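Structural overview for review
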Amino acid sequence: MSASCCPTPTHGPTSPAYRRVLLLALLINAGMFAVEMAAGLQSGSVALKADAADFLSDAANYGISLFVLGAALSVRSWAALVKGLSMGGIGLFVAVQSLLNVLGGRVPTAETMGWVGALALAANVGTAIMLYAWRQGDANMRSVWLCSRNDALGNIAVMVAALGVFGTGTGWPDIAVALVMAWLSLSASWQISRQSIRELRTGIVENHSHSHDHGHGHPH
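This one's a predicted model, so the numbers in the text were calculated from it and none came from an experiment.

Helices and strands together make up the secondary structure of the chain, namely six helices and two strands. Intrachain contacts of the chain at a sequence separation of at least 6 include 80% that bridge at least 24 residues. For the chain, the exposed area adds up to about 10300 Å²; of that, 73% sits on carbon and sulfur atoms.

In structure tokens:
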């Protein structure tokens, strides 16, 4: 555990292992976007459509992260700021979709929500496990970790919503879960945008480790 305080170069943002993990995560997320958006449109679930949009955003984010690997901190921080703002956009999209479902009164198909949510959860848990070693670091690396973590939490919520829709015969559980997912996206957007702006202003990477961090940054 103590090695996580000062990671070796093999765990840095430019390591070949990190690059391979990002590429695999990009492919997984792009594939799941297609599956989940199709299922969301077919079932009428706003939670599935919201999660699909999140998959698309994450695929783009992983692509941006691959593009800026090895770049100067200022470039990585600008990329993180763009990603943070895009996460906020996803949150607003989910909120609007939820409102439209309320006005339309459509009840989604619980069975489709359930099996697609389980598939998406498996994909996101696998991605989160792959990225766990790189959860600390600059705003760009941290945004990648937060994306995968939020997605896994969102998939669990989609499955809970499917049970709620099945049990109540209404679309309210789907809408409630979608709003929670919107909050997660907006919260992560705030954290990443704030950190990236601080890095752009100070030129210092913040360490967010709770067990070893004492508020010291590492200039690049």
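Here we come to the side chain of Glu 36. By the element assignment, Glu 36 lies in helix H1 (residues 16–43). Here Glu 36 is buried and forms no salt bridge, its nearest opposite-charge partner Lys 49 lying at an N-O distance of 12 Å.

Let's shift gears to the nonpolar core. Membership of the largest hydrophobic core comes to 21 residues, with the highest contact counts inside it found for Leu 48, Val 94, Met 113, Val 158, Val 177 and Met 181. Contributing elements (two or more residues each) for this core: helix H2 (46–68), helix H3 (73–104), helix H4 (110–131), helix H5 (139–168) and helix H6 (172–202). In this structure Met 113 touches Ser 45, Leu 48, Pro 108, Val 158, Ala 161, Ala 162, Val 165 and Asp 174, once residues within four positions along its chain are discounted. Within the second largest apolar cluster, twelve residues are counted, among which are Val 21, Leu 22, Leu 131 and Trp 134.

On to the environment of Gly 126. Positionally, Gly 126 belongs in helix H4. Judged by its relative accessible area of 28%, Gly 126 is partly exposed. Linking Gly 126 and Ile 28, residues 98 residues apart in sequence, is a C-alpha distance of 9.5 Å.

Tracing the chain through its elements places Thr 112 in helix H4. Its relative accessible area of 11% is what places Thr 112 among the buried residues. When residues no more than four places from it in sequence are discounted, the contact partners of Thr 112 are Ala 39, Gln 42, Ser 43, Leu 48 and Gly 117.

Its location among the elements puts Ile 64 in helix H2. For the pair Ile 64 and Ala 79, spaced 15 residues apart in sequence, the C-alpha separation works out to 6.9 Å. When near neighbours in sequence (up to four residues on either side) are disregarded, Ile 64 contacts Ala 79 and Lys 83.

Here we come to a nonpolar patch on the surface. Taken together, the side chains of Val 96, Leu 99, Leu 100, Val 102, Leu 103 and Trp 172 make up a nonpolar region of the molecular surface, amounting to roughly 620 Å² of accessible area. Ranked by the residues each element gives to the nonpolar patch, the list is headed by H3, at five residues. When you line up the elements, Trp 172 lands in helix H6.

Relative placement of two packed helices is described by the angle separating their axes and the distance separating the axes. In the contact formed by H2 and H4, the axes pass within 11 Å of each other and the chain directions differ by 25 degrees. Comparing their axes, H4 and H2 come out roughly parallel. Crossing geometry of H2 relative to H4 is assigned as left-handed. Two secondary-structure elements touch here, H2 through Leu 48, Asp 51, Phe 55 and Tyr 62 and H4 through Thr 112, Met 113, Val 116, Gly 117, Ala 120, Asn 124, Thr 127 and Leu 131.

Taking 1.5 Å of rise per residue, 22 residues should cover 32 Å, and H4 covers 31 Å from first to last C-alpha, within 8% of that figure. Those residues of H4 lying buried are Ala 110, Thr 112, Met 113, Val 116, Gly 117, Ala 120, Leu 121, Ala 123, Asn 124, Thr 127, Ala 128 and Leu 131.

Let's shift gears to the packing of H2 against H6. Packing of H2 against H6 leaves a shortest axis separation of 8 Å and a crossing angle of 25 degrees. Here H2 lies roughly parallel to H6, going by the angle between them. Where H2 abuts H6, its residues Val 46, Ala 47, Ala 50, Asp 51 and Asp 54 lie against Asp 174, Ile 175, Val 177, Ala 178, Met 181 and Ser 185. For the contact of H2 with H6, the class distribution of residues is seven nonpolar, one polar and three charged.

On the secondary structure map, Ala 188 appears in helix H6. Classification of Ala 188 by relative accessible area gives buried; the value is 1%. Considered as a pair, Ala 188 and Leu 85 are 103 residues apart in the sequence and their alpha carbons are 9.5 Å apart. Among residues more than four places away in sequence, those in contact with Ala 188 are Met 87 and Asn 150.

Cut-offs and rules
Residues numbered from 1 in each chain as written. Predicted model: local features only at pLDDT ≥ 70, side-chain atom pairs only at ≥ 80, totals over all residues. Heavy atoms only, no water. Helix = DSSP H or I, 4+ residues; strand = E, 2+ residues; numbered from the N terminus. Contact = heavy atoms within 4.5 Å. Areas by Shrake-Rupley, 256 points an atom, 1.4 Å probe, with all protein chains shown as cover. Buried < 20%, exposed > 50% of the residue type's maximum accessible area, 1.4 Å probe, protein only. Lys, Arg positive; Asp, Glu negative; His and termini not counted. Salt bridge = Lys/Arg side-chain N within 4 Å of Asp/Glu carboxyl O. Core = buried A, V, L, I, M, F, W, Y, C linked by side-chain atoms within 4.5 Å. Patch = residues over 30% accessible without salt bridge, like charges linked within 9 Å, V, L, I, M, F, W, Y side chains within 5 Å. Axes fitted to C-alpha atoms, helices over the stretch in contact; angles between N-to-C directions. Parallel < 35°, antiparallel > 145°, perpendicular 65-115°, else oblique. Left-handed = near helix turned anticlockwise from the far one by under 90°. Expected span 1.5 Å × (residues − 1). Nonpolar A, V, L, I, M, F, W, Y, C, P; charged D, E, K, R; others polar.

Keep in mind these values describe shape, not function.
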